[in-house]
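What the coordinates show
So the chains spell out like this:
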Amino acid sequence: MYLSGELENPAMPENAQADAADFIGPRVKELCDKQQITKYRLSQMTGVTQTVLSRIIKGENVPTIQTIEKICAALNISLAQFAICAEQRPLVRLPAATR
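Residues numbered from 1 in each chain as written. Predicted model: local features only at pLDDT ≥ 70, side-chain atom pairs only at ≥ 80, totals over all residues. Heavy atoms only, no water.

Re the overall build of the protein
Within the protein, the regular secondary structure consists of 5 helices and 0 strands. Starting at the N terminus and ending at the C terminus, the protein contains elements arranged as α-α-α-α-α. By residue count, 35% of the 99 residues in the protein fall in the buried class. Within the protein, contacts between residues separated by at least 24 positions form 62% of all contacts whose residues are at least 6 apart in sequence. Of the accessible surface of the protein, which amounts to about 6,400 Å², a share of 53% is contributed by carbon and sulfur atoms. (Helix = DSSP H or I, 4+ residues; strand = E, 2+ residues; numbered from the N terminus. Buried < 20%, exposed > 50% of the residue type's maximum accessible area, 1.4 Å probe, protein only. Contact = heavy atoms within 4.5 Å. Areas by Shrake-Rupley, 256 points an atom, 1.4 Å probe, with all protein chains shown as cover.)

With respect to the confidence of the model for the protein
With 71% of its residues at a pLDDT of 70 or more, the protein shows a mean pLDDT of 81. Across residues 1-8 the pLDDT falls below 50, and counting only partners more than four positions away or on other chains, this stretch makes 22 contacts in the model. (pLDDT = per-residue confidence, 0-100.)

Considering the nonpolar core
Note that soluble globular proteins tend to have their nonpolar side chains buried in a common cluster. One finds Ile24, Val28, Leu42, Leu75, Ile77 and Phe82 to be the most contacted residues of the largest nonpolar core, which totals 21 residues. Ranked by the residues each element gives to this core, the list is headed by helix H1 (residues 14-35), at 7 residues. Setting aside anything within four residues of it in sequence, one finds Leu75 in contact with Leu31, Cys32, Gln35, Ile37 and Leu42. (Core = buried A, V, L, I, M, F, W, Y, C linked by side-chain atoms within 4.5 Å.)

Side note on the packing of helix H2 (residues 39-46) against helix H4 (residues 65-75)
Where H2 contacts H4, the axes come no closer than 9 Å and their chain directions differ by 110 degrees. Here H2 is positioned roughly perpendicular relative to H4, judged by the angle of their axes. Side by side, H2 and H4 meet where Leu42, Met45 and Thr46 of the first sit next to Lys70, Ile71, Ala74 and Leu75 of the second. For the contact of H2 with H4, the per-class residue count stands at 5 nonpolar, 1 polar and 1 charged. (Axes fitted to C-alpha atoms, helices over the stretch in contact; angles between N-to-C directions. Parallel < 35°, antiparallel > 145°, perpendicular 65-115°, else oblique. Nonpolar A, V, L, I, M, F, W, Y, C, P; charged D, E, K, R; others polar.)

Looking at the packing of aromatic side chains
Geometry of an aromatic ring pair is reported as the spacing of the ring centres plus the angle between the planes. Tallied over the full model, the rule gives 1 aromatic pair. Arranged with centres 6.2 Å apart and planes meeting at 85 degrees, the rings of Phe23 and Phe82 form a pair that is edge-to-face. Here Phe23 is found in helix H1, whereas its partner Phe82 is found in helix H5 (residues 79-83), with 59 residues between them in sequence. Neither residue differs from the other here; Phe23 and Phe82 are each classed as buried. (Phe/Tyr/Trp six-rings, centres within 6.5 Å; stacked < 30°, edge-to-face > 60°.)

Observations regarding the pattern of salt bridges
Any two side chains of opposite charge can pair, on the condition that their charged atoms come close. Counting across every chain of the model gives 2 salt bridges. The shortest N-O distance in the salt bridge between Arg27 and Glu30 comes to 3.1 Å. Linking Arg27 with Glu30, this pair stays in helix H1, spanning 3 residues, or about one helical turn. Among the residues examined, Glu30 registers a relative accessible area of 30% and is labelled partly exposed. For the salt bridge of Lys29 with Asp33, the shortest nitrogen-to-oxygen distance reads 3.0 Å. Taken as a pair, Lys29 and Asp33 lie in helix H1 at a separation of 4 residues, close to a single helical turn. (Salt bridge = Lys/Arg side-chain N within 4 Å of Asp/Glu carboxyl O.)

Description of H2
Listing the buried residues of H2 in full gives Leu42, Ser43 and Thr46. All buried residues of H2 project into a common sector of 105 degrees when viewed along the axis, lining one side. (Arc of directions from axis to C-beta.)

Okay, here's the thing in structure tokens:
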């Protein structure tokens, strides 16, 4: 998986980055599709380039929290709404022992 230095969180374990990328990209696509917002329009609304948005959606980049906040603001949703899918899956998976 390609993670640009600008968007990668070096403190985040690699498997957590992969989990985040597997959730965030499809979630952004789902929300854009639902609101009929193109990558081009989302790029205009957020100031995030289309290239970066494409990489986020493909799971190649893990965006910073600031980028996720920009996306949420553009889509008029909260971070909490972003973190919960239609299937009510949380972004963070807790180990079975802590549930």
